[in-house]
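Read off the chains here:
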Amino acid sequence: MTAELMRPAAAEFLRVAHAVADLSAPTPCAGYDVRGLLNHLLYWGPWLVAAGRREEPPPPSAAEVVTEDWRAALEKQTETLVDVFGTPSAWTGMTALGTTRLPAPVVGDMVLGEFVLHGWDLARASGQELRCAPEAATAVYESAVAMGEQARSMGVYGPAVAVPADAPVLERALGASGRDPRWTRSR
């Protein structure tokens, strides 16, 4: 069950995030430097929590959410996401992400994808490696393939990047989500 993959994926995501030093570094996530990516994560996290709890989302805000205590805020938010999506009930039935009704497992897959894909983005931007469990990489790959075209049409994913069929599953997940597994800061 994907809920069981949340805690280890979140722990690795936080390990990487805590080691980030340069907020202005580019990331492989198109259009985002590290600060922008952290802002994205801190902005959308409460929306994902609300979807998992079947609550109203917070009011939209255009405010910069990366402040001096961004690490503590990200850690707290990540722990809350793990608590919510680490339970089977968050993965059943339908929920809403804002005004969009979605199957709850789709939102859960988004959360796992945030930890793995954006964890990889942060790792690459800061010269680290993301240690992703094969089961988590497989779940993210399957989700990225299943929702790839819709995600691309909404601007969530970039164009798929060709990755050999025998490449490690994390690299295939990255390619399916529009990331080049060979990306380095020098590109």
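Structural data are supplied above this passage.
Not measured: the values here are computed from a predicted model. (Residues numbered from 1 in each chain as written. Predicted model: local features only at pLDDT ≥ 70, side-chain atom pairs only at ≥ 80, totals over all residues. Heavy atoms only, no water.)

## Observations regarding empty space enclosed by the protein
Put simply, the rule reads: The definitions used throughout rest on a 1 Å grid laid over the protein atoms alone, on which a cavity is an enclosed set of points accommodating a 1.4 Å probe that cannot get out and a pocket is an open set flanked by protein within 12 Å on both sides along at least five of seven lines; lining residues are those having an atom within 4 Å of a point. Grid points are joined across faces, edges and corners, and a volume is the space filled by probe spheres set on the points. Helix and strand definitions follow DSSP, with helices as H or I runs of at least four residues and strands as E runs of at least two, each counted in order from the N terminus. Under the scheme applied, nonpolar residues are Ala, Val, Leu, Ile, Met, Phe, Trp, Tyr, Cys and Pro; charged residues are Asp, Glu, Lys and Arg; polar residues are all the others, including Gly.
One pass over the full model with this rule turns up one cavity of 30 Å³ or more. For the largest cavity, the calculated volume is near 70 Å³. Taken together, Phe13, Leu41, Trp44, Gly45, Leu48, Leu74, Gln77, Thr78, Leu81, Glu114 and Phe115 make up the full set of residues lining the largest cavity. Elements represented by at least two residues in the lining of the largest cavity include exactly helix 2 (34-53), helix 3 (70-85) and helix 4 (104-125). Taken together, the residues of the lining of the largest cavity break down into seven nonpolar, three polar and one charged.

## Digging into helix 6 (residues 169-176)
Here is the rule: Only protein chains enter the accessibility calculation, which uses a 1.4 Å probe; a residue is then buried when its area is under 20% of its type maximum, exposed when over 50%, and partly exposed in between. In this analysis, two residues are considered to be in contact whenever any of their non-hydrogen atoms come within 4.5 Å of each other.
With six of eight residues buried, helix 6 lies mostly within the body of the structure. Residues Val169, Leu170, Ala173, Leu174, Gly175 and Ala176 constitute the buried set of helix 6. The inward-facing, buried residues of helix 6 contact helix 4 and helix 5 (134-153). Just past helix 6, the residue Gly178 takes up positive phi, approximately 90°.

## Remarks on the layout of surface pockets
A volume near 960 Å³ is recorded for the largest pocket. Surrounding the largest pocket, 35 residues form its lining, His40, Met110, Glu114, Val156 and Tyr157 being those nearest its centre. Counting only elements with at least two residues in the lining of the largest pocket, the list comes to helix 2, strand 2 (100-103), helix 4 and helix 5. Looking at the lining of the largest pocket, the element that brings in the most residues is helix 4, giving seven residues.

## What about the pattern of salt bridges?
Keep this limit in mind: Any Lys or Arg side-chain nitrogen located within 4 Å of an Asp or Glu carboxyl oxygen qualifies as a salt bridge.
A complete count under the given rule lists seven salt bridges for this structure. Note that Arg7 and Asp83 form a salt bridge whose closest N and O atoms lie 3.7 Å from each other. A residue pair is termed long-range when its members are at least 10 positions apart, and Arg7 in helix 1 (residues 6-18) and Asp83 in helix 3 qualify at 76 residues. The class of Asp83 is partly exposed, set by a relative accessible area of 49%. Asp121 is the partner of Arg179 in a salt bridge, and the nearest nitrogen-oxygen pair spans 2.8 Å. Separated by 58 residues along the polypeptide, Arg179 in the segment after helix 6 and Asp121 in helix 4 bring together distant segments of the chain. One exposure class covers both Arg179 and Asp121, and it is buried. Salt bridges linked by common partners bring Glu12, Arg15 and Arg131 together as one network.

## Notes on the environment of Val65
Relative to the helices and strands, Val65 is located in the loop between helix 2 and helix 3. Look at Val65 and you get partly exposed, because its relative accessible area is 29%. Through-space distance from the C-alpha of Val65 to that of Leu41 is 9.3 Å; in sequence the pair is 24 residues apart. Ignoring anything within four residues of it in the chain, the contact list for Val65 reads Asn39, Leu42 and Tyr43.

## With respect to the pairing of strand 1 (residues 94-97)
Let me state the cut-off plainly: Paired strands, in this sense, are two strands between which DSSP finds at least two bridges.
What you see with strand 1 is a clean split: Thr95 and Leu97 sit on the buried side and Met94 and Ala96 on the side with no burial. Across four bridges, strand 1 lies against strand 2 in antiparallel orientation. If you follow Leu97 over to strand 2, its bridge partner there is Thr100. Where strand 1 hands over to strand 2, the hairpin turn is made up of two residues, of which Gly98 adopts a positive phi near 70°.

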